[in-house]
Amino acid sequence: MNFLYQSSRFFAHLSPQPTSSDSSSSPMLPAARFFAKEMRQVARKSVLRISPHIKREICKSCASPLVPGVSCTTRVKGHKKGRRVVTT
């Protein structure tokens, strides 16, 4: 499973940063999604738990690796006490 996670992150980092004029996804993101989906399927079939920090880095709906600036945006939300990081 570690290999699948590392390869999904690698392909996500290979994809170029999106520009405002280009709304299509890069050619490397489908490969990254494939490896992330495979990792989830292997974990489900083998009855293995995926580490929480790995779960946080993969989108639940589309299975793309969340890389700030490439496939997601990160914001800090809240005031002094209740701050939290929101990744969309």
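The shown structure was predicted, so the numbers you read here are calculated from the model rather than taken from an experiment.

### Side note on unusual backbone geometry
Despite not being glycine, Val47 shows a phi value in the positive range, around 55 degrees. With respect to the helices, strands and loops of the structure, Val47 is situated in the loop between helix H2 (29–46) and helix H3 (52–55). Accessibility expressed as a relative area gives 72% for Val47, which makes it exposed. In this structure, Ala63 is a non-glycine residue whose phi angle is positive, near 65 degrees. On the accessibility criterion, Ala63 (4% relative accessible area) is buried.

### Focus on the packing of helix H1 (residues 2–14) against H2
Helix-helix packing is described using two parameters, namely the angle between the two axes and the distance between the axes. Running from N to C, H1 and H2 cross one another at 165 degrees; their axes reach a closest spacing of 8 Å. With respect to each other, H1 and H2 are oriented roughly antiparallel. Crossing geometry of H1 relative to H2 is assigned as left-handed. Listed contacts from H2 to Leu4, Tyr5, Ser7, Ser8, Phe11 and Ala12 of H1 are Leu29, Ala31, Ala32, Phe35, Ala36, Glu38, Met39 and Val42. Across the contact of H1 with H2, the residue classes break down as eleven nonpolar, two polar and one charged.

### Concerning the nonpolar core
The biggest cluster of nonpolar side chains holds nine residues, and these are Leu4, Tyr5, Phe35, Ala36, Met39, Ala43, Ile50, Ile54 and Ile58. Of all elements in the fold, only H1 and H2 reach the threshold of two or more residues within this core. Among all residues touching Tyr5, those that are not within four sequence positions of it are Met39, Ile54 and Glu57. Listed in part, the five residues of the second largest apolar core include Leu29, Ala32, Val67 and Val70.

Conventions we followed
- Residues numbered from 1 in each chain as written.
- Predicted model: local features only at pLDDT ≥ 70, side-chain atom pairs only at ≥ 80, totals over all residues.
- Heavy atoms only, no water.
- Helix = DSSP H or I, 4+ residues; strand = E, 2+ residues; numbered from the N terminus.
- Buried < 20%, exposed > 50% of the residue type's maximum accessible area, 1.4 Å probe, protein only.
- Axes fitted to C-alpha atoms, helices over the stretch in contact; angles between N-to-C directions.
- Parallel < 35°, antiparallel > 145°, perpendicular 65-115°, else oblique.
- Left-handed = near helix turned anticlockwise from the far one by under 90°.
- Contact = heavy atoms within 4.5 Å.
- Nonpolar A, V, L, I, M, F, W, Y, C, P; charged D, E, K, R; others polar.
- Core = buried A, V, L, I, M, F, W, Y, C linked by side-chain atoms within 4.5 Å.

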